[in-house]
Amino acid sequence: MNVNKQAHCGGTAAVDEQELSQINRFSRKQLTADEVYTFAVRLCDNEVDRDAERFENDTLDGLAELFVGKTGIFDHNWAAAGQTARIYRTEVVDEPGVLTAVGDPGRYVKGYAYILRTPGNEELIAQLEGGILKEVSVGCAVGRSVCSICGKQAGSCSHKKGERYENKLCYTKLEGAVDAFEWSFVAVPAQPKAGVMKTKGKSLTLKQLALKHGCQNELDCLEQEAALGRKYLAGLRREVVRLCGLSKDDVDHRMMERIAEKLEESELLELKRVYGGQAAKRFPVMTQLEHHTQTAAVGGADGAFLI
């Protein structure tokens, strides 16, 4: 099933070496930061849209991967001349405190796109900066479209999208991301929130700000301290995993490693205390000298060396 869904797009994103390395995966020559204009775009989300359809969460995860490398065009016109931008990376973003119409936490696919800074693209960049080009629509394919009420193929049952049945909203579930074709600038999006995402002014990296304000040395010290902190936490996590194994805990070793990666220092220290105590009971410290358990014969051949 082919699907077109609309969204919003928005302000510039900082172009550092990491961003450039991802952009240059799609270019034939090595581009520099001065040669590209980047912006973030909200491609699609898990809200029930104007068509009473909804991308399921698993579908969003699949689309996020499929949209990497896809071209931005106008009005879904698949002509080479209309290619304007390209998505070089994506992520699925959770929206704390946002609930969809069906009560799920809000999530959306965020894409990062780039445009070449050429004389021909100056007007396009100006329209993006000015908020004229804002709404976007995605063209993609999904494996199934299912009625939310009965679970049958959408259109094969008597339920109507947008209506309620026993207080449950009827909508079409879009399941199974199959392909992502393109994303387009459009006038009216089906998904109201989709499109270019705003930022306040031009974003700068922390290093750029440090150079600008003459505090590079302070930043270098902070980076060194941060590196030491990461090294300390990595060692603490390894120690917790080791003690967990010694304490005869039933947690799988790899599972414990994944758990430890998510814990903060205070939580790790508490686990270290608990597992360390359990391990000490299983493997108590033994002394090497056992003079208190044996009585030496007085007057023996080596009596002169006994204490």
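Treat the numbers as computed from the prediction; the structure is a model and nothing was measured.

K.L.:
Can you help me understand the overall build of the protein chain in this one?
P.N.:
Within the protein chain one finds seven helices and 11 strands. The buried share among the 307 residues of the protein chain stands at 37%. For the protein chain, the share of sequence-separated contacts (at least 6 apart) that also reach a separation of at least 24 residues comes to 74%. Surface accessibility of the protein chain: about 18,900 Å² in total, with carbon and sulfur atoms responsible for 52%.

K.L.:
When you look at a nonpolar patch on the surface in this model, what are you seeing that I'm missing?
P.N.:
A contiguous nonpolar surface patch, about 210 Å² in accessible area, is contributed by Val251, Met255 and Ile259. Residue placement: Val251 occurs in the loop between helix 5 (216–246) and helix 6 (253–261). Owing to a relative accessible area of 32%, Val251 belongs among the partly exposed residues under this scheme.

K.L.:
Could you clarify how one ought to interpret the packing of aromatic side chains in this entry?
P.N.:
For any pair of aromatic rings, the description consists of the separation of the ring centres together with the inter-plane angle of the planes. Counting across every chain of the model gives four aromatic pairs. Relative to Trp183, the ring of Phe39 has its centre 6.3 Å away and its plane inclined at 65°; by these criteria the two rings are edge-to-face. Linking Phe39 in strand 2 (residues 36–45) with Trp183 in strand 10 (residues 172–185), this pair joins segments that are 144 residues apart in sequence. Taking the relative accessible area as the measure of exposure, Trp183 reaches 0% and is therefore buried.

K.L.:
Sorry, what's going on with the confidence of the model for the protein chain here?
P.N.:
Keep in mind that low pLDDT regions are not for reading the predicted coordinates in detail. Summary statistics for the protein chain give a mean pLDDT of 80 and a share of 75% for residues scoring 70 or more. Below a pLDDT of 50 lies the segment residues 5–13, which in the model reaches 76 contacts outside its immediate sequence neighbourhood of four places, other chains included. Note on residues 194–204: pLDDT under 50 across the span, and 48 contacts to partners over four residues away in sequence or across chains.

K.L.:
Whenever I open this one, the pattern of salt bridges confuses me. Can you help?
P.N.:
Pairing between side chains of opposite charge can happen when the charged atoms of each approach one another. A complete count under the given rule lists 12 salt bridges for this structure. Taking the shortest distance from any N to any O, the salt bridge between Arg42 and Asp45 comes out at 3.2 Å. An identical accessibility class is assigned to Arg42 and Asp45; each is buried. Across the pair Arg107 and Asp61 runs a salt bridge, and its minimum N-O distance is 3.1 Å. Here Arg107 is found in strand 6 (residues 105–116), whereas its partner Asp61 is found in helix 2 (residues 57–66), with 46 residues between them in sequence.

K.L.:
Is there a simple way to think about the side chain of Arg54 in this case?
P.N.:
Position of Arg54 among the secondary structure elements: in strand 3 (residues 53–55). A distance of 2.6 Å separates a polar atom in the side chain of Arg54 from a polar atom in the side chain of Asp104. Residues contacting Arg54, with those up to four places away along its chain left out, are Asn46, Glu47, Val48, Thr100, Val102, Asp104, Tyr171, Thr172, Lys173 and Leu174.

K.L.:
Sorry, what's going on with the nonpolar core here?
P.N.:
Soluble globular proteins: nonpolar side chains tend toward being buried together. Of all hydrophobic cores here, the largest spans 26 residues; its most connected members are Phe39, Leu43, Cys44, Phe55, Ile115 and Trp183. Contributions of two or more residues to this core are made by strand 2, helix 2, strand 5 (85–99), strand 6, helix 3 (122–129), strand 7 (135–147) and strand 10. Sort the elements by how many residues they give to this core and strand 2 lands first, with five residues. If you look at the next biggest cluster of nonpolar residues, it comprises 11 residues, including Val240, Leu243, Ala260 and Leu268.

K.L.:
When you look at helix 7 (residues 265–282) in this model, what are you seeing that I'm missing?
P.N.:
Along an α-helix, residues three or four positions apart point the same way, because every turn accommodates 3.6 residues. The end-to-end C-alpha distance of helix 7 is 25 Å, a good match for the 26 Å that 18 residues give at a rise of 1.5 Å each. Along helix 7, the residues classified as buried are Leu268, Tyr275 and Ala279. When helix 7 is viewed along its axis, its buried side chains cluster within an angular range of 45° and face the same direction. Within helix 7, the exposed residues directed more than 90 degrees away from the buried face are Ser266, Arg273 and Lys281. Buried residues in helix 7 make contact with helix 5 and helix 6.

K.L.:
Even after reading the chapter, I still don't get the side chain of Lys110, so can you show me in this structure?
P.N.:
You can see Lys110 is positioned in strand 6. There is no salt bridge for the buried Lys110, and the closest opposite charge comes from Glu91, which lies 4.4 Å off by N-O distance. Here the side chain of Lys110 touches Tyr112 through a polar contact of 3.3 Å, side chain to side chain.

K.L.:
What is the right way to look at unusual backbone geometry in this model?
P.N.:
Glycine aside, the phi torsion of most residues is negative, and most peptide linkages are trans. Here Ala52, not a glycine, exhibits a phi torsion of approximately 60°, which is positive. Along the chain, Ala52 falls in the loop between strand 2 and strand 3. Of note in the backbone geometry, Glu166 takes a positive phi value of approximately 55° without being a glycine. For Glu166, the location among the structural elements is in the loop between strand 8 (164–165) and strand 9 (168–169). For Glu166, a relative accessible area of 78% puts it in the exposed group.

K.L.:
Is there a simple way to explain the pairing of strand 2 in this structure?
P.N.:
Strand residues, when the strand is regular, have side chains that alternate between the two faces of the sheet. Counting buried positions along strand 2 yields 10 of 10 residues, so the element is predominantly enclosed. For strand 2 and strand 6, the ladder comprises seven bridges, and the chain directions are antiparallel. When the bridges of strand 6 are listed, Ala40 appears paired with Tyr112.

Basis of the calculations
- Residues numbered from 1 in each chain as written.
- Predicted model: local features only at pLDDT ≥ 70, side-chain atom pairs only at ≥ 80, totals over all residues.
- Heavy atoms only, no water.
- Helix = DSSP H or I, 4+ residues; strand = E, 2+ residues; numbered from the N terminus.
- Buried < 20%, exposed > 50% of the residue type's maximum accessible area, 1.4 Å probe, protein only.
- Contact = heavy atoms within 4.5 Å.
- Areas by Shrake-Rupley, 256 points an atom, 1.4 Å probe, with all protein chains shown as cover.
- Patch = residues over 30% accessible without salt bridge, like charges linked within 9 Å, V, L, I, M, F, W, Y side chains within 5 Å.
- Salt bridge = Lys/Arg side-chain N within 4 Å of Asp/Glu carboxyl O.
- Phe/Tyr/Trp six-rings, centres within 6.5 Å; stacked < 30°, edge-to-face > 60°.
- pLDDT = per-residue confidence, 0-100.
- Polar contact = N/O pair within 3.5 Å; in protein donor to acceptor, adjacent residues only side chain to side chain.
- Core = buried A, V, L, I, M, F, W, Y, C linked by side-chain atoms within 4.5 Å.
- Expected span 1.5 Å × (residues − 1).
- Arc of directions from axis to C-beta.
- Lys, Arg positive; Asp, Glu negative; His and termini not counted.
- Pairing = 2+ DSSP bridges.

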